[in-house]
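Fold and geometry: a report
The chain contents come next:
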Amino acid sequence: MKRIAAALLCGVMVLASVVPAAAQVVIVSAAASLTDAFNVLKEDFEKEHPGARLVFNFGASGALYRQIEQGAPVDVFASADMRWMDEAVRIGRVEATESKVFARNLIVLAVPKNNPAGVSTLKDLESAGVRRIGVVTPDTSPAGNYARQSLKDLELWEVLEFKYIFAETVTQLLSYLRLGEVDAGFFFASDAVRGADSVAVVMEMPMREPALYPIAPLSDTKQPDLAQAFVRFILSEKGQAVLSGYGFRKAE
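Residues numbered from 1 in each chain as written. Predicted model: local features only at pLDDT ≥ 70, side-chain atom pairs only at ≥ 80, totals over all residues. Heavy atoms only, no water.

**Things to note about the sheet that holds strand β4 (residues 100-105)**
Strand order in the open sheet formed by 6 strands is β2-β1-β3-β10-β4-β11, and the pairing between neighbours is mixed. Of all strands in the sheet, those bounded by a partner on one side alone are β2 (52-59) and β11 (249-250). Pairing between β4 and β11: 2 bridges, direction antiparallel. Along β11, the bridge assignment pairs A103 with K250. Across the sheet, helix α4 (residues 82-90) touches β3 (76-78), β4 and β10 (211-217), and the angle it forms with β10 is around 30°. (Pairing = 2+ DSSP bridges. Helix = DSSP H or I, 4+ residues; strand = E, 2+ residues; numbered from the N terminus. Contact = heavy atoms within 4.5 Å. Axes fitted to C-alpha atoms, helices over the stretch in contact; angles between N-to-C directions.)

Structure representation (structure tokens):
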């Protein structure tokens, strides 16, 4: 875990270093499930704030938190669940009053578009025809943690354990499904929208509560005004419309 966090921390520094020196760089560490939506919003935000340059660092929320814990120069943190934002508050990198929930998400069971294993129910996952089931690493990824909890509640987690192929992020798992490297997988509903060209949703998984996505500026950001502006932009009507288009539910 420490090696992964260190490697990602180096990635943050490299990303920031390639931006022109005159730009006001805003480093946003965001859950991998936000990749497509945030990249769409990037152009509009930069147009509204001339001279500002968003640098995104996407990854599993837990791994992003580890970077923050180790002092990564992050301006805004957007997590795929409250756990890691609460940890950032606990260590003093985020003020509790600054954390805002901006979206909700659900876990789905998805398969490659042509569904070669013929998965149509959860029961099918137990069949010999399903050899590999993709799950994002539960200890660092909210998508994996929610999937594990849902399967445990259904008394299926241990039953299917020998079939799991673990991915580091939902983006990696989406790639596994696209390439047919797994017969089925569990990730966020928004990821199914991202991969609609090559994956199909079998069902929504029962959850005790939906995944809540919080966002906040870091307490030691070097760009406090722009960091706050980006948070407001994500919460704005325009930001919410883009997120909705990528399968995220509105925060309530």
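**Here's the deal with the pairing of β10**
Of all 7 residues in β10, 6 are buried, a share of seventy percent or more. Note: β3 against β10, 3 bridges, orientation antiparallel. Across the sheet, residue F77 finds its bridge partner in β10, namely A216. The pairing of β4 with β10 spans 5 bridges and is antiparallel. Residue pairing across strands places K100 opposite I215, the latter belonging to β10. (Buried < 20%, exposed > 50% of the residue type's maximum accessible area, 1.4 Å probe, protein only.)

**Here's the deal with the sheet that holds strand β8 (residues 184-188)**
Across the sheet, which stays open at both edges, the 5 strands sit in the order β7-β6-β8-β5-β9 with mixed pairing between neighbours. Each edge of the open sheet is held by one strand with a lone partner, namely β7 (164-167) and β9 (199-204). Going across the sheet, the axis of each strand differs from the next one's by a mean of 35°, ignoring polarity. Contacting β5 (107-112), β6 (133-136), β7 and β8, helix α5 (residues 142-153) runs over the sheet at an angle of about 115° to β8. Along the sheet, helix α6 (residues 170-178) contacts β5, β6, β7, β8 and β9; its crossing angle with β8, the most-contacted strand, is approximately 145°.

**Observations concerning the packing of helix α8 (residues 224-235) against helix α9 (residues 237-245)**
Taken N-terminus to C-terminus, the directions of α8 and α9 make an angle of 60°; their axes are 4 Å apart at the nearest point. One element, α8, and the other, α9, form an angle in the oblique class. Of the residues in α9, those touching α8 at F233, I234 and L235 are E237, K238, G239, Q240 and L243. (Parallel < 35°, antiparallel > 145°, perpendicular 65-115°, else oblique.)

**Quick word on α5**
Over its 12 residues, α5 runs 16 Å from end to end, which matches the ideal 16 Å to within 8%, given 1.5 Å per residue. Considered for burial, the residues of α5 that qualify are P142, A143, G144, Y146, A147, S150 and L151. The backbone nitrogen of A143 has a side-chain oxygen 3.2 Å away, supplied by the residue at the start of α5, namely S141. (Expected span 1.5 Å × (residues − 1). Polar contact = N/O pair within 3.5 Å; in protein donor to acceptor, adjacent residues only side chain to side chain.)

**Section: the pairing of β7**
Pairing analysis gives 4 bridges linking β6 to β7, with the strands arranged parallel. Its bridge partner being in β7, G134 is matched across the sheet by I165. Handedness of the crossover joining β6 and β7 through α5 is recorded here as right-handed. (Right-handed = clockwise from strand over helix to strand, strands pointing away.)

**So, the side chain of N105**
For N105, the location among the structural elements is in strand β4. Since its relative accessible area comes to 0%, N105 is described here as buried. Separated by 3.4 Å, the side chain of N105 and the backbone nitrogen of A189 make a polar contact. Beyond its immediate sequence surroundings of up to four residues, N105 is in contact with F188, A189, S190, M207, P210, A211, Y213, G247 and F248.

**Focus on the nonpolar core**
Generally speaking, soluble globular proteins have nonpolar side chains that are buried together. L34, F38, F102, L125, F186 and F230 are the most contacted members of the largest nonpolar core, which has 66 residues in total. The element that contributes the greatest number of residues to this core is α8, accounting for 7 residues. Every residue in contact with F230, bar those within four places of it in the chain, is listed here: V28, F38, F45, L54, F56, V76 and I215. Counting residues in each nonpolar core, the second largest holds 12 residues, with Y65, I68, W84 and M85 among its members. (Core = buried A, V, L, I, M, F, W, Y, C linked by side-chain atoms within 4.5 Å.)

**Here's the deal with the pattern of salt bridges**
The tally for this structure, following the rule as stated, stands at 13 salt bridges. A salt bridge links D153 to R208, with the shortest nitrogen-to-oxygen separation between them at 2.8 Å. Linking D153 in helix α5 with R208 in the loop between β9 and β10, this pair joins segments that are 55 residues apart in sequence. What makes R208 exposed here is its relative accessible area of 63%. Note that E204 is salt-bridged to R249, the shortest N-O span being 3.1 Å. (Salt bridge = Lys/Arg side-chain N within 4 Å of Asp/Glu carboxyl O.)

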